[in-house]
Amino acid sequence: MATGKKWSAHDALVYIQTNLNAPKNLFNKFGGYKYRNLEGITDALKPFLTETGCTFKLTDEVVEVGGRVYIRATATLTSPDPDDPKEVAEGWARETETKKGMDDAQITGSTSSYARKYAANGLFCIDDTKDPDETNKHGKGDKPTPPQS
């Protein structure tokens, strides 16, 4: 149950952004990398929702842009006070025209999941990317290790 404190959506968002821990606890064997999914994010989020009394909602909208179909997902954090402004972020993902082994509904569903995950990432300041400077060698090979004296 929520604590006695009355949380605004903004205060709850700041609190969640600075305290939420949603580790990359899944592993993609094919790609050789760790990742998190939306379920992991929402599982980590639920105790904060209980504590603050806020609600979290994800919605989708199908949008056509330049003849391509996109899913625009909206992540919304709402406080119990109906007069308090909501905190909102969007995530977008483009549907592929075909995906081997998937029918149209599965393509839309996976695109929705992707867009929703990135809407949640944006709202709660969860960074899933590496800085390009971290991995870019700018045309240089590995630097030799200086000898130890």
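In what follows, the accompanying structure is described.

Each value, and the rule that gives it
- Residues numbered from 1 in each chain as written.
- Predicted model: local features only at pLDDT ≥ 70, side-chain atom pairs only at ≥ 80, totals over all residues.
- Heavy atoms only, no water.
- Helix = DSSP H or I, 4+ residues; strand = E, 2+ residues; numbered from the N terminus.
- Buried < 20%, exposed > 50% of the residue type's maximum accessible area, 1.4 Å probe, protein only.
- Contact = heavy atoms within 4.5 Å.
- Areas by Shrake-Rupley, 256 points an atom, 1.4 Å probe, with all protein chains shown as cover.
- Pairing = 2+ DSSP bridges.
- Core = buried A, V, L, I, M, F, W, Y, C linked by side-chain atoms within 4.5 Å.
- Phe/Tyr/Trp six-rings, centres within 6.5 Å; stacked < 30°, edge-to-face > 60°.
- Lys NZ or Arg CZ within 6 Å of the ring centre and 35° of its normal.

Attention now moves to the overall build of the protein. Scanning the protein for helices and strands turns up 4 helices and 5 strands. For the protein, with 149 residues in total, the buried portion stands at 30%. Contacts in the protein between residues far apart in sequence, at least 24 positions, make up 53% of those at least 6 positions apart. Carbon and sulfur atoms provide 51% of the accessible area of the protein, an area that totals close to 10400 Å².

Moving on, we get to the pairing of strand E3 (residues 55-65). One face of the sheet, then the other: side chains in a regular strand alternate in exactly this way. Note: E3 against strand E4 (residues 68-78), 11 bridges, orientation antiparallel. The residue of E4 that forms the bridge with Thr55 is Thr78. Counting the residues in the hairpin turn of E3 and E4 gives 2 residues, including Gly66, whose phi is positive at 60°.

Moving on to the pairing of E4. Of the pairings in the sheet, the one linking E4 to strand E5 (residues 87-94) comprises 8 bridges and is antiparallel in character. Directly across from Ala73, in E5, lies its bridge partner Gly91.

Turning next to the nonpolar core. Formed by 27 residues in total, the largest nonpolar core has its most connected members in Ile16, Leu20, Leu45, Phe56, Leu77, Leu123 and Phe124. Of all the secondary structure elements, the ones that give two or more residues to this core are helix H1 (9-19), helix H2 (38-52), E3, E4, E5 and helix H3 (104-124). Once residues within four sequence positions are removed from consideration, Leu20 is found in contact with Ala44, Leu45, Phe48, Phe124 and Ile126.

Once that is clear, we can look at the packing of aromatic side chains. For the structure shown, the criterion picks out 6 aromatic pairs. Summarising the aromatic geometry, the rings of Trp7 and Tyr15 are spaced 5.0 Å apart at their centres and angled 40° between planes, so their arrangement reads as tilted. Residue classification places Tyr15 among the partly exposed positions, given a relative accessible area of 24%. Between Tyr114 and Tyr118, the ring centres sit 4.8 Å apart and the planes meet at 45°, which makes this aromatic pair tilted. Of this pair, Tyr114 and Tyr118 both sit in helix H3, 4 residues apart, roughly one helical turn. Of the residues examined, Tyr118 reaches a relative accessible area of 28% and is grouped as partly exposed. Of note, Lys5 hangs over the ring of Trp7, and the distance from its end group to the ring centre comes to 3.9 Å.

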